[in-house]
Amino acid sequence: MDAADSKPPESAAVKSADRVLDILQLLARQGGALTHHEIGIALGIPKSSLTHLLRNLVARQFLGFDGAQSTYALGPAVFELVRGSGLRERLMAQARPIVDWLARTAGEATSFSVLRGDEVERACVAESRAPLSYRMAVGDSFPLYSTSAGKAILAAMPAARRQAYLKNVRLQAQTPATATTLAVLKRQLEEVGESGIAYSRGEHTPGVVGIAIAIDSGDPAAPAAFNIVVPDVRYTPEFDARCVELLGQARERFHAASPAR
C-alpha cells in the first residue's frame with residue numbers, strides 16, 4: 001500500500017463543517033449580505049450542497065435571510081456567541097480576586113460557578129491550605145439539585161426558567177442525602193429564596209458541606225454563585241454564620257465591581 005492509499009478518506013461531515021466555517025468567515029469579512037450565487041462562487045461550493053448548509057444555518061439563526069433581497073447575513077446566534085464569550089471573560093476577571101479573598105478569609109476551599117445548560121460548572125476555584133479539604137477543579141460540572149452553588153443558581157433563576165427545569169429534571173441520588181423528590185427540592189428552594197443562602201449537606205459528596213450565594217451575572221437568565229466548601233468535621237454553627245457573612249460580602253464586592261447595567 002502506497003502513502004496515498006494509507007490516508008483515510010475525507011469525511012463528508014468534516015467537509016461540511018469546513019464549509020460552514022468558510023461561509024461564516026466570508027460573511028464576517030464581507031461585512032454585509034451576499035446572495036446564494038455570490039457565496040457559491042466565492043467559496044466554490046456546489047449549489048445543492050450550499051442550499052442545505054444555508055437552510056440549516058438560517059434555521060439555527062447563525063444566518064439571517066432577507067427574502068426581499070434574497071441575501072444572507074450573519075444572524076443573532078453568531079452575536080450571542082460573541083456576547084457570551086465576552087460576558088464570561090468579564091465574570092472571571094471580577095470573580096477571581098473575590099474567590100481568592102474568600103478562601104484566605106474563610107480558610108476553606110471556595111469557587112465561583114456558572115450555569116451551563118442544566119448543570120452548574122465551576123469557573124474558578126481557590127483551594128484550602130488545610131491538610132483535610134475538598135479539592136475542586138475548574139470545568140467540573142454537576143447537577144443543579146445536589147450542590148449548594150447549583151441550588152443557589154436554581155433559586156435565583158427567572159420563575160419560568162426554573163419551572164421548565166423542574167418539569168424535566170430527573171432527580172438521581174448522588175448520595176443518600178440527595179433530594180430525590182420534587183417536593184423536597186422545592187422546599188429547599190423556598191428556603192434558599194427566604195434566606196438567600198443555599199446548602200448542600202453531603203448531598204453531592206459524603207462528608208462535605210457546601211454553602212453558596214447567588215449573584216447577578218449580568219444575564220438575567222443565567223445567575224452565577226460563590227460557594228465555600230468544608231469537610232463536615234470542621235463545620236460548626238459559628239463557622240456557618242461566618243460563611244454567610246463572608247458570602248454576603250463577596251456578593252457586594254462582585255456587584256460593586258460590575259459595570260452599570
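Per-chain numbering applies: the sequence of each chain, read as written, is numbered from 1 onward. In view of the model being predicted, local features appear only for residues whose pLDDT reaches at least 70, and side-chain atom pairs are presented and counted only at 80 or more, with totals across whole chains, interfaces and linings using the full set of residues. For the side-chain quantities, the full set of heavy atoms in the structure was used; hydrogens and water were omitted.

**Brief notes about the sheet that holds strand E2 (residues 63–66)**
Part 1 of the argument: What the three strands build is an open sheet, ordered E1-E3-E2; its pairing is antiparallel. Both edges of this open sheet fall to strand E1 (34–35) and E2, since each of them pairs with a single strand only.
Part 2 of the argument: Two strands form a pair only when DSSP identifies at least two bridges running between them. The helix count covers DSSP runs of H or I at least four residues long, the strand count covers runs of E at least two residues long, and both are numbered beginning at the N terminus. Relative to strand E3 (residues 71–74), E2 is paired through four bridges, and the arrangement is antiparallel. Within the sheet, the bridge partner assigned to Gly64 lies in E3 and is Ala73.
Part 3 of the argument: Contacting E2 and E3, helix H4 (residues 47–59) runs over the sheet at an angle of about 105° to E2. Throughout, a contact is declared for two residues whenever any of their heavy atoms are within 4.5 Å. Lines fitted to C-alpha atoms define the axes, with helix axes restricted to the stretch in contact, and inter-axis angles between N-to-C directions lie between 0 and 180 degrees.

**Focus: the sheet that holds strand E7 (residues 198–201)**
Part 1 of the argument: Spatial strand order, E6-E5-E4-E9-E8-E7: six strands in an open sheet with antiparallel pairing. Unpaired on one side and paired on the other, strand E6 (141–143) and E7 mark the two borders of the sheet. Neighbour-to-neighbour, the strand axes of the sheet open up by a mean angle of 30°, direction not taken into account.
Part 2 of the argument: Across five bridges, the pairing between strand E4 (residues 109–116) and strand E9 (residues 224–231) is antiparallel. Bridge pairing in E9 links Ala109 to Val229.
Part 3 of the argument: Across the sheet, helix H9 (residues 237–257) is in contact with E4, E7, strand E8 (208–215) and E9; its angle to E8 comes to roughly 30°.

**Considerations on the pairing of E4**
Part 1 of the argument: Three labels apply to residues, based on accessible area from a 1.4 Å probe with only protein chains included: buried if under 20% of the type maximum, exposed if over 50%, partly exposed otherwise in between. Burial runs high along E4: seven of the eight residues are buried.
Part 2 of the argument: Adjacent in sequence and paired antiparallel, E4 and strand E5 (residues 119–126) are bridged by two residues, among which Gly117 carries a positive phi angle near 70°.

**Some points on the confidence of the model for the protein**
Part 1 of the argument: pLDDT measures how confident the predictor is about each residue, on a scale from 0 to 100. Averaged over all residues, the pLDDT of the protein is 87; the fraction at 70 or higher stands at 90%.
Part 2 of the argument: Mean pLDDT across the secondary structure elements of the protein bottoms out at helix H1 (residues 3–6), with 42, and peaks at E7, with 97.
Part 3 of the argument: Across residues 1–10, confidence stays below pLDDT 50; counting only partners more than four residues off in sequence or on other chains, it has two contacts.

**Concerning the packing of aromatic side chains**
Part 1 of the argument: For Phe, Tyr and Trp, where Trp contributes only its six-membered ring, two rings pair if their centres lie within 6.5 Å, and the inter-plane angle classes them as stacked under 30 degrees, edge-to-face over 60, or tilted in between. For the coordinates displayed, the defined rule picks out four aromatic pairs.
Part 2 of the argument: Look at Phe112 and Phe226: their rings are 5.1 Å apart centre to centre, the planes differ by 50°, and that puts the pair in the tilted class. Of this pair, Phe112 sits in strand E4 while Phe226 sits in strand E9; the two residues are 114 residues apart in sequence, bridging distant segments of the chain.
Part 3 of the argument: Considering the side-chain rings of Phe112 and Phe254, the 5.8 Å spacing of their centres and the 25° angle between planes classify their relative orientation as stacked. Residue Phe112 is found in strand E4, and its partner Phe254 is found in helix H9; the two are separated by 142 residues along the sequence.

**Structural notes on the environment of Leu91**
Part 1 of the argument: Locating Leu91 in the fold gives a position in helix H5 (residues 76–106).
Part 2 of the argument: Taking the C-alpha atoms as reference, Leu91 lies 9.2 Å from Ala224; in sequence the two are 133 residues apart.
Part 3 of the argument: Those residues in contact with Leu91 that lie beyond four places of it in its chain are Phe112, Val114, Ser217 and Phe254.

**Details of the packing of helix H6 (residues 148–156) against helix H8 (residues 182–195)**
Part 1 of the argument: Relative orientation of the contacting elements H6 and H8 amounts to 80°, with a least axis distance of 9 Å. Classed by the angle they form, the pair H6 and H8 counts as roughly perpendicular. Between H6, through Lys151, Ala152, Leu154 and Ala155, and H8, the contact on the second element is made entirely by Leu185, Gln188, Leu189 and Val192.
Part 2 of the argument: Each residue receives one of three labels: charged for Asp, Glu, Lys and Arg, nonpolar for Ala, Val, Leu, Ile, Met, Phe, Trp, Tyr, Cys and Pro, and polar for the others, Gly being one of them. Here the contact of H6 with H8 is composed, by residue class, of six nonpolar, one polar and one charged. Each angle gets one of four labels, with under 35 degrees taken as roughly parallel, over 145 as roughly antiparallel, 65 to 115 as roughly perpendicular, and the rest as oblique.

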